[in-house]
Amino acid sequence: MEQILPVLLGSDANVYGMARSFYMQYGVTSLAIGKGTLSATANSKLVQMAIVEPDLEDDQVFVKTLQGFAAAHPGRTLVLVSCGDNYTGLMARNRAALEGLYRFACPTPELVEQLDTKEFFYQACEAHGLSYPKTFGCTNQNWKTVQLPFEFPCIIKASNSVAYWNCKFPHKKKVFVAYDRKEYEEICAAIYSSSYQDNLVLQEYIPGDDNCMRVLNCYSGLDHKVHLMSLGRPLLEEQTPEGIGNYAAIMAVKDDELMERMKAFLEDVGWEGFSNFDMKYDARDGQYKLFEMNPRQGRSSFFVTGSGYNLAKWLVEDVVEHKEQGLTIADTQHLWMIAPAGIIKKYLKDPELLAQVRRLMKEGKVTHQLFCWEDFTFKRAFWYIKNQLNNYRKYKRYFGNKSLKD
């Protein structure tokens, strides 16, 4: 096979998970390019930050940076992987400038814009017969006068995730829950006091604990056919303000009917590359309600590789080796964690799920996102221990808090 060099866009836990996937499958160290650095990829032997460019989200800077990187690495097959919504948009818009230099799979800019914006994603769900929560919206002009078409509690989140990521205001959270009108107005006022001026999504609250959630990761090839699907059942979510909606533990599961419907959706829209869906099972009507689609593999997508379906393998076999892949639906029982086992055992309240977790741990069918023996260094080990211990403090402080306070 050609001598590949993975080039990962970003520096978060998703980047580390993809770097581990490439190392496990091909024994290579990945290089990362991002607008900043994060601790998840620091002091690692599996991935190294090659370029930090604060203005990387500017299209001209992005193209110049990636063209310069390619020129500095002749003779290698550069496999480009987006690990963030913003980077997927940049790749999509600048595809023509990158195609001769990198191997990658990426949707069109029109599809990224359509499906990575929540209002348009829900319109696509409507057109394809997929369920989603009762949803309304507001703008920076009408939020004070909006009358919700459903009862409180109300989920409040940004429609434009990239713009929201870049804004700042006190007590900012990735997702808010308002339990009455007063709380709704306080949250909206706080958001619109920041640089974020795009629409907000207002959504009915689907009852149920974190373990009612589902997360689906897929890979669609250059032929726009789905080649890999892996479904996970989150057991707990992270609890920090910026981490709400990210998963702390996932158990791999399978649902053939759901997979078939999502496969049809991806192929109908002509998707290419990785995709990630968050949804929640609504016991009131027995439907999975889709929350969002991310135009990339999920932050927790290493659970796919950990359960035996290496994400890097599917990408490389498609964009480098051009192999016929068919469709693979993951069906291995496995447990993925980014939080320590003690957190799961303490905060997971479902006794049946907890018994399954203990069984998988006993059988050794467990993968930890941030712990890798091949990547052991004293600096990284010190950071890892500190990271894991901090979970106990964070869960104690933030567990269940999605309001405008810390």
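To keep things clear, this report deals only with the structure shown in the data block.

What counts as what
- Residues numbered from 1 in each chain as written.
- Predicted model: local features only at pLDDT ≥ 70, side-chain atom pairs only at ≥ 80, totals over all residues.
- Heavy atoms only, no water.
- Pairing = 2+ DSSP bridges.
- Helix = DSSP H or I, 4+ residues; strand = E, 2+ residues; numbered from the N terminus.
- Axes fitted to C-alpha atoms, helices over the stretch in contact; angles between N-to-C directions.
- Contact = heavy atoms within 4.5 Å.
- Buried < 20%, exposed > 50% of the residue type's maximum accessible area, 1.4 Å probe, protein only.
- Parallel < 35°, antiparallel > 145°, perpendicular 65-115°, else oblique.
- Nonpolar A, V, L, I, M, F, W, Y, C, P; charged D, E, K, R; others polar.

### Quick look at the sheet that holds strand β8 (residues 200-204)
Sheets are built from strands paired through backbone hydrogen bonds, the pairs being either parallel or antiparallel. Here four strands make up an open sheet; going across it, the order is β5-β8-β6-β7 and the pairing antiparallel. The open sheet terminates on both sides in strands that have one partner only, identified here as β5 (135-138) and β7 (176-178). Each neighbouring strand pair of the sheet contributes to a mean axis angle of 30°, computed without reference to strand direction. When strand β6 (residues 154-158) meets β7, the two strands line up antiparallel, connected through three bridges. Across the sheet, Cys154 pairs through a bridge with Ala178, a residue of β7. Those strands touched by helix α8 (residues 181-192) are β5, β6, β7 and β8, and its axis lies near 145° from that of β7.

### A closer look at the sheet that holds strand β2 (residues 30-34)
Reading across the sheet, the four strands line up as β3-β2-β1-β4 and stay open at both edges, with parallel pairing between neighbours. What marks the edges here is a single partner per strand, and that holds for β3 (47-52) and β4 (77-82). Neighbour-to-neighbour, the strand axes of this sheet turn through a mean angle of 30°, independent of strand direction. Sheet analysis places β2 next to β3, joined by five bridges and oriented parallel.

### What about the side chain of Ser275?
Secondary-structure assignment places Ser275 in strand β12 (residues 273-282). Classification of Ser275 by relative accessible area gives buried; the value is 0%. Beyond its immediate stretch of four places on either side in the chain, Ser275 contacts Leu216, Asn217, Cys218, Leu266, Met293, Asn294 and Arg296.

### A word on the packing of helix α1 (residues 13-26) against helix α11 (residues 311-319)
Interaxial distance between α1 and α11 falls to 7 Å at its minimum, and their mutual angle equals 70°. In terms of orientation, α1 lies roughly perpendicular with respect to α11. Contacts between α1 and α11 pair Met18, Ser21, Phe22, Gln25 and Tyr26 from the former with Leu311, Ala312, Lys313, Leu315 and Val316 from the latter. Considering only residue class, the contact of α1 with α11 consists of seven nonpolar, two polar and one charged.

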